[in-house]
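# Descriptive analysis of the structure
If you want the building blocks of each chain, they are given just below.
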Amino acid sequence: MVATQPIYDKEPTPEFNERCLAILQQWQAGTLPFQEASHQLHEMAEATGEHLANLGRVEILLGVMQGYRGNLNVCIQHFEKARDLFAEVGNDLRVVKCDLNLGETYRQKGDFGKARELFQGVYETATQLGDIQLQAMALGNAGQMLLSMKQVDDAEATLKNAIALAAQWPSEFAKSQAGFLCEVHHALAVVYLSAKRMEQALEQAQKSLHYARISQQPLSIGFANRTMGEVMAGFDVIPAELLNEGFSVDPGDYFRAALEAFSEIDAQGERARTMHAHAKSLAKQGRRMAAARMLQQAMLTFAELGMVDDSAKAAESQAAIF
């Protein structure tokens, strides 16, 4: 039996890449269950043999899917494999994109030192390459990291810079632009909410919802609805214009919509974050037992998935309830 020789093409073959993206998009749209999507990608990896860039592409997409589910350690393994494969074929741009994904995963784990190092490196390389899309994504992720670190002024400035760069993306990236802007406006809403700048928080939440409707992706819809729920819960008095425009005044309606959207793609980590946000809203309403039960569910998921930063924040919320 003749051993298969590695193929060192820098990029995945166009047909292979299109098939991979079709699987990912079906999963993102909620029309293909996670297990089936994962199975199909693994089958494609087996069929491609030793085409290293094709194998790297599969590893990236598996990492993305595991990341949104909250399986962060598994996610890191996929991204590191992808990085090694693209480094082997000399594709520097793909290596940098792997670093961006690794930085975001470490951010979610709460390893902000590692995440900061990766985001900085990605931004510097993207600037040298003149890749505006990658620059914006590095800043967007870095802004969310700064928010997690409670450096809200720096987070605000960084997120605004990310939005300005995203406005310069070519038209062919319109759909991915909408998903990105949904997430960044969501983060800005949280920045303003933490400072009780409620009018600005509401404006950003509405923008997040606007871009979610453009993208029509469950992930974006989940982010936007969770944001609206958090903002609604933050108001002591609901603005009259919201009532006139037909918005629900019950934060729970938005949290339930977010949970439903995240469930469509098995995004367990985001479901847990939504339960945490909903629990804080319930506690504010005086429904402490319901809040405690929901918070307990969220904490179990955070622990199972190794989401250290979220676990710590949930513990703070639990102490505040009791």
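As a starting point, this report considers the structure included with it. These numbers were taken from a predicted model, which means no experiment stands behind them.

So, about the overall build of the protein. Check the secondary structure of the protein and you find 16 helices and zero strands. In terms of C-alpha radius of gyration, the protein reaches 20 Å, essentially the compact-globule figure of 20 Å for 322 residues. In terms of principal-axis extent, the alpha carbons of the protein reach across some 70 × 40 × 35 Å. Scored against the burial criterion, the 322 residues of the protein give a buried share of 53%. Residue pairs at least 24 apart in sequence account for 62% of intrachain contacts in the protein once pairs closer than 6 positions are excluded. The distance from the centre of the 29 positive side-chain charges to the centre of the 40 negative ones in the protein is 6 Å.

An α-helix turns once per 3.6 residues; consequently, residues spaced three or four apart project the same way. In a regular helix each residue adds 1.5 Å, so 17 residues correspond to 24 Å; helix H7 (residues 132-148) covers 24 Å between its end C-alpha atoms and thus fits that length. Across the 17 residues of H7, 15 count as buried, placing the element largely inside the fold. Its side-chain oxygen at 3.3 Å from the backbone nitrogen of Gln 133, Asp 131 defines the N-terminal cap of H7. Positive backbone phi, at 65 degrees, marks Lys 150, one or two positions downstream of H7.

Time to look at the pattern of salt bridges. Evaluation of the coordinates by the stated rule reveals 14 salt bridges. Where Glu 104 meets Arg 107, a salt bridge forms, and the shortest distance between an N and an O atom there is 2.8 Å. Of this pair, Glu 104 and Arg 107 are both found in helix H5 (residues 92-109), three residues apart, which corresponds to roughly one turn of the helix. Look at Arg 107 and you get buried, because its relative accessible area is 9%. Within this structure, Arg 226, Glu 270, Arg 273 and Asp 310 form a network of salt bridges that share partners.

Time to look at the environment of Ala 315. Along the chain, Ala 315 turns up in helix H16 (residues 308-321). With 20 residues separating them along the chain, Ala 315 and Leu 295 place their C-alpha atoms 8.9 Å apart.

A separate point is the side chain of Asn 225. Structurally, Asn 225 is set in helix H11 (residues 218-234). Residue Asn 225 is classed as buried on the basis of its relative accessible area of 12%.

Mapped onto the elements of the fold, Ile 7 is located in the segment before helix H1 (14-28). Here the alpha-carbon distance between Ile 7 and Ala 53, two residues 46 residues apart in the chain, equals 8.2 Å. The residues contacting Ile 7, other than those within four sequence positions of it, are Glu 50, His 51 and Leu 52.

Its location among the elements puts Leu 209 in helix H10 (residues 198-215). Judged by relative accessible area, which is 8%, Leu 209 ranks as buried. Residues Leu 209 and Asn 225, 16 residues apart in the sequence, show an inter-C-alpha distance of 6.9 Å. Setting aside chain neighbours within four positions, we find Leu 209 in contact with Ala 224, Asn 225, Met 228 and Phe 247.

The next thing to look at is the layout of surface pockets. By volume, the second largest pocket amounts to about 180 Å³. Taken together, Arg 116, Phe 119, Gln 120, Tyr 123, Ala 138, Leu 139, Ala 142, Met 145, Leu 146 and Thr 158 make up the lining of the second largest pocket. Taken together, the elements giving at least two residues each to the lining of the second largest pocket come down to helix H6 (112-129) and H7. Broken down by element, the residue count for the lining of the second largest pocket peaks at five residues, all from H7. In terms of residue class, the lining of the second largest pocket is made up of seven nonpolar, two polar and one charged.

Okay, the state of the cysteines next. For the coordinates displayed, the defined rule picks out zero disulfides. This cysteine, Cys 20, is not joined by any disulfide, and Cys 98 carries the nearest cysteine sulfur, 14 Å off. In this structure Cys 20 comes out as buried when scored by relative accessible area, which is 0%. Left unpaired, Cys 182 is separated from the closest cysteine sulfur, that of Cys 75, by 20 Å.

Calculation criteria
Residues numbered from 1 in each chain as written. Predicted model: local features only at pLDDT ≥ 70, side-chain atom pairs only at ≥ 80, totals over all residues. Heavy atoms only, no water. Helix = DSSP H or I, 4+ residues; strand = E, 2+ residues; numbered from the N terminus. Rg over C-alpha atoms; globule rule 2.2 N^0.38 Å. Buried < 20%, exposed > 50% of the residue type's maximum accessible area, 1.4 Å probe, protein only. Contact = heavy atoms within 4.5 Å. Lys, Arg positive; Asp, Glu negative; His and termini not counted. Charge placed at Lys NZ, Arg CZ, Asp CG, Glu CD. Expected span 1.5 Å × (residues − 1). Polar contact = N/O pair within 3.5 Å; in protein donor to acceptor, adjacent residues only side chain to side chain. Salt bridge = Lys/Arg side-chain N within 4 Å of Asp/Glu carboxyl O. 1 Å grid on protein atoms, 1.4 Å probe; cavity = no way out; pocket = protein on both sides within 12 Å on 5 of 7 lines; lining within 4 Å. Points joined across faces, edges and corners; volume = space filled by probe spheres on them. Nonpolar A, V, L, I, M, F, W, Y, C, P; charged D, E, K, R; others polar. Disulfide = S-S within 2.5 Å.

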